[in-house]
Amino acid sequence: MNKQLETAYQSLQEKIKNINLSTVIDKFYSHAPLYAWRFGLGPIVGRYIMIITQINHKTGNPCKISMEYFEINGIKYIANLFGVQSQWYRNIMSNPRVSIQTSDGTEQMVAVPVTQDDELINVIEWLLNRNPKFITRYMHEFGVQPSRKDILKHKNDLIFLRFDPTSEPTPRGLEVDLAWIWPILLVWTMLSKLKRRK
């Protein structure tokens, strides 16, 4: 029995050693907004984070990702920081009809790449005024200077998506299916306080 426990303990130690901490942290941050929405925190998280429900181009099944977004004159945009080969971007290029969820609720949208020169310049100028650290770092990765000429020269590298409303069917968005935990936590907290007083 002791030998079995020792073997199990050694196996557990090996598994812990093989865990990539950075991967665990990345997965936590990528999934945290999804759980926050399911917990009913969408109106708070959705001020900065967008949940996108899209169709996987390989399986045809709905899948969900969270992305930072920004809004210009009532139009929502995201930047593709991961390149054209990223799974989520390939999904959208295959089927641009998506459901997005922000503090505005769930909306049926078509994702449209920003390709018009004036719109691209407008987006980057807006970001330079509102979020200069982000856009400067993004352009620096491609060696782009903040001038109209250089931006347009590298327009294929600077990928932004715009979301336009649609009446066409889109995949079902994320549901608030874990909000039931809050009453339980409230009752548990109240009971814990009563026990401490005793």
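Computed from a predicted model, the values in this text were never measured in an experiment.

## Focus on the packing of aromatic side chains
This structure, assessed with the given rule, holds 7 aromatic pairs. Between F70 and Y77, the aromatic rings sit 5.6 Å apart at their centres with planes inclined by 10 degrees, giving stacked as the arrangement. Residue F70 is classed as buried on the basis of its relative accessible area of 10%. Ring plane angle 20 degrees and centroid distance 5.5 Å describe the contact between F70 and W126, whose orientation is recorded as stacked. Remark: W126 occurs in helix α5 (residues 117–130) and F70 occurs in strand β3 (residues 70–72); sequence separation between them is 56 residues.

## Quick look at the environment of L81
Following the sequence through the fold, L81 ends up in the loop between β4 (75–79) and α4 (87–94). With a relative accessible area of 42%, L81 lands in the partly exposed category. In this structure the C-alpha to C-alpha distance between L81 and I159, which are 78 residues apart in sequence, comes to 7.8 Å. If we ignore the near neighbours within four places in the chain, the residues touching L81 are F134 and Y138.

## Let's talk about the pairing of strand β5 (residues 97–102)
The side chains of a regular strand alternate, residue by residue, between the two faces of the sheet. Of all the 6 residues making up β5, 5 are buried; the element is thus mostly covered by neighbouring parts of the structure. Pairing geometry for strand β1 (residues 49–55) and β5, over 3 bridges, is antiparallel. The partner of I51 across the bridge, within β5, is Q101. Here β5 folds back onto strand β6 (residues 105–113) in antiparallel fashion, the turn holding 2 residues.

## Overview of the packing of α5 against helix α6 (residues 132–141)
Their axes nearest at 6 Å, the elements α5 and α6 cross at an angle of 125 degrees. Judged on the interaxial angle alone, α6 and α5 are oblique. Residues I124, L127, L128, N129 and R130 of α5 lie in contact with α6, whose contacting residues are P132, F134, I135, T136 and M139. For the contact of α5 with α6, a count of residues per class yields 7 nonpolar, 2 polar and 1 charged.

## Description of the environment of D157
Assignment of secondary structure puts D157 in the loop between α7 (148–153) and β7 (160–165). Overall, the relative accessible area of 31% leaves D157 in the partly exposed class. For D157 and V84, which are 73 residues apart along the polypeptide, the C-alpha to C-alpha distance reads 9.1 Å.

## Quick notes on the sheet that holds β7
Read across the sheet, 7 strands follow the order β2-β1-β5-β6-β7-β4-β3 without closing on themselves; strand pairing throughout is antiparallel. Only two strands of the sheet have a single neighbouring strand rather than two, namely β2 (62–68) and β3. Across the sheet, the mean angle separating the axes of adjacent strands is 35 degrees when strand polarity is ignored. Both β3 and β4 contribute to a ladder of 3 bridges, which runs antiparallel. Within the sheet, the bridge partner assigned to F70 lies in β4 and is Y77.

## Brief notes about the nonpolar core
Core analysis: the largest hydrophobic core is formed by 34 residues, its most contacted members being I52, I78, F160 and F163. Per-element accounting of this core gives the leading share, 5 residues, to α5. With residues near it in sequence (within four places) discarded, F163 still touches M50, I52, I75, K76, I78, V98, I100, M109, V110 and A111.

## Quick notes on the confidence of the model for the chain
The predicted model of the chain averages 85 in pLDDT, with 83% of residues at 70 or higher. Here residues 21–26 scores under 50 on pLDDT; set against residues more than four positions off or in separate chains, the count is 1 contact.

## Quick look at the pattern of salt bridges
The tally for this structure, following the rule as stated, stands at 8 salt bridges. Taking the shortest distance from any N to any O, the salt bridge between D118 and R148 comes out at 3.1 Å. With D118 in helix α5 and R148 in helix α7, this residue pair connects regions lying 30 residues apart in the sequence. The exposure class of D118 is exposed, given its relative accessible area of 56%. Ionic pairing is found between R172 and E175, a salt bridge with its closest N-O pair at 2.4 Å. Here R172 falls in the exposed class, since its relative accessible area comes to 65%.

What counts, and at which threshold
- Residues numbered from 1 in each chain as written.
- Predicted model: local features only at pLDDT ≥ 70, side-chain atom pairs only at ≥ 80, totals over all residues.
- Heavy atoms only, no water.
- Phe/Tyr/Trp six-rings, centres within 6.5 Å; stacked < 30°, edge-to-face > 60°.
- Buried < 20%, exposed > 50% of the residue type's maximum accessible area, 1.4 Å probe, protein only.
- Helix = DSSP H or I, 4+ residues; strand = E, 2+ residues; numbered from the N terminus.
- Contact = heavy atoms within 4.5 Å.
- Pairing = 2+ DSSP bridges.
- Axes fitted to C-alpha atoms, helices over the stretch in contact; angles between N-to-C directions.
- Parallel < 35°, antiparallel > 145°, perpendicular 65-115°, else oblique.
- Nonpolar A, V, L, I, M, F, W, Y, C, P; charged D, E, K, R; others polar.
- Core = buried A, V, L, I, M, F, W, Y, C linked by side-chain atoms within 4.5 Å.
- pLDDT = per-residue confidence, 0-100.
- Salt bridge = Lys/Arg side-chain N within 4 Å of Asp/Glu carboxyl O.

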